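Architecture and fold: a report
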Amino acid sequence: MSVTIYHNPECGTSRNTLAMIRNAGIEPEVIEYLIAPPSRAQLQQMIAQAGLTVREAIREKGTPYAELGLADPALTDDQLLDAMLAHPILINRPFVLTERGVRLCRPSELVLDILPSSQQGPFTKEDGELVIDAQGRRVTQ
C-alpha cells in the first residue's frame, strides 16, 4: 500500500507524523510541499477527502494569513485556494494520503487511523509525549 505525506521538515507535527509512518514499517513518498506544492486539483481533492473545508485547511500561524486579509469571511474557496497556491506555507500540514483515507494529521496521531499496518514498537513524540506503548497499544492522554 502506498502512503504519501505532504511534509514540512521544519514542522514538529510533520516530523512526528513521518516518524509514526516509518514506525509502522512504511517508507512513504515524502513530498516537501513548500518545494513541490500540490496542484489546485490535488489540493482540492485532499481537502475534500479529509472532510475539511478550504478554510479549515489554511494555516494561520507563521504565515502571511493576516497580511493577506484571509480572515475575511467574504472570501470564496477559490480565493482561499489561490492564496494557498501562491503561498504554499498557507497549506496546513501534514496531509497524509493512504488507501484507507486522507487526513490532515493535526495532531500527528491522526495518522494512526489511516495506516495500513500497526506500529512496530513504542513511539514517543519529539516533545516526550508517549503515543504507542511497549505493547504496541495507542496511549490516550
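An account of the accompanying structure is given in this report. (Residues numbered from 1 in each chain as written. Predicted model: local features only at pLDDT ≥ 70, side-chain atom pairs only at ≥ 80, totals over all residues. Heavy atoms only, no water.)

Residue Pro94 follows Arg93 across a cis peptide bond; omega there is -5°. Note on placement: Pro94 falls in the loop between helix 3 (77-86) and strand 3 (95-98). Of the consecutive residues Arg106 and Pro107, the connecting peptide bond is found in the cis state with omega at 5°. (Helix = DSSP H or I, 4+ residues; strand = E, 2+ residues; numbered from the N terminus.)

Two side chains that carry opposite charge are able to pair once their charged atoms sit near each other. Within this structure, the stated rule accounts for 8 salt bridges. Across the pair Arg40 and Asp78 runs a salt bridge whose closest N-O atoms are separated by 3.3 Å. Of the two residues, Arg40 is situated in helix 2 (residues 40-49) and Asp78 in helix 3; the sequence distance between them amounts to 38 residues. Of the residues examined, Arg40 reaches a relative accessible area of 27% and is grouped as partly exposed. You can call Asp78 partly exposed: its relative accessible area is 43%. (Salt bridge = Lys/Arg side-chain N within 4 Å of Asp/Glu carboxyl O. Buried < 20%, exposed > 50% of the residue type's maximum accessible area, 1.4 Å probe, protein only.)

Another aspect to go through is the pairing of strand 1 (residues 4-7). The side-chain alternation of strand 1 yields two buried faces, one formed by Thr4 and Tyr6 and the other by Ile5 and His7. Pairing of strand 1 with strand 2 (residues 29-32), which is carried by 4 bridges, proceeds in the parallel orientation. Following the sheet pairing, His7 is matched in strand 2 by Glu32. (Pairing = 2+ DSSP bridges.)

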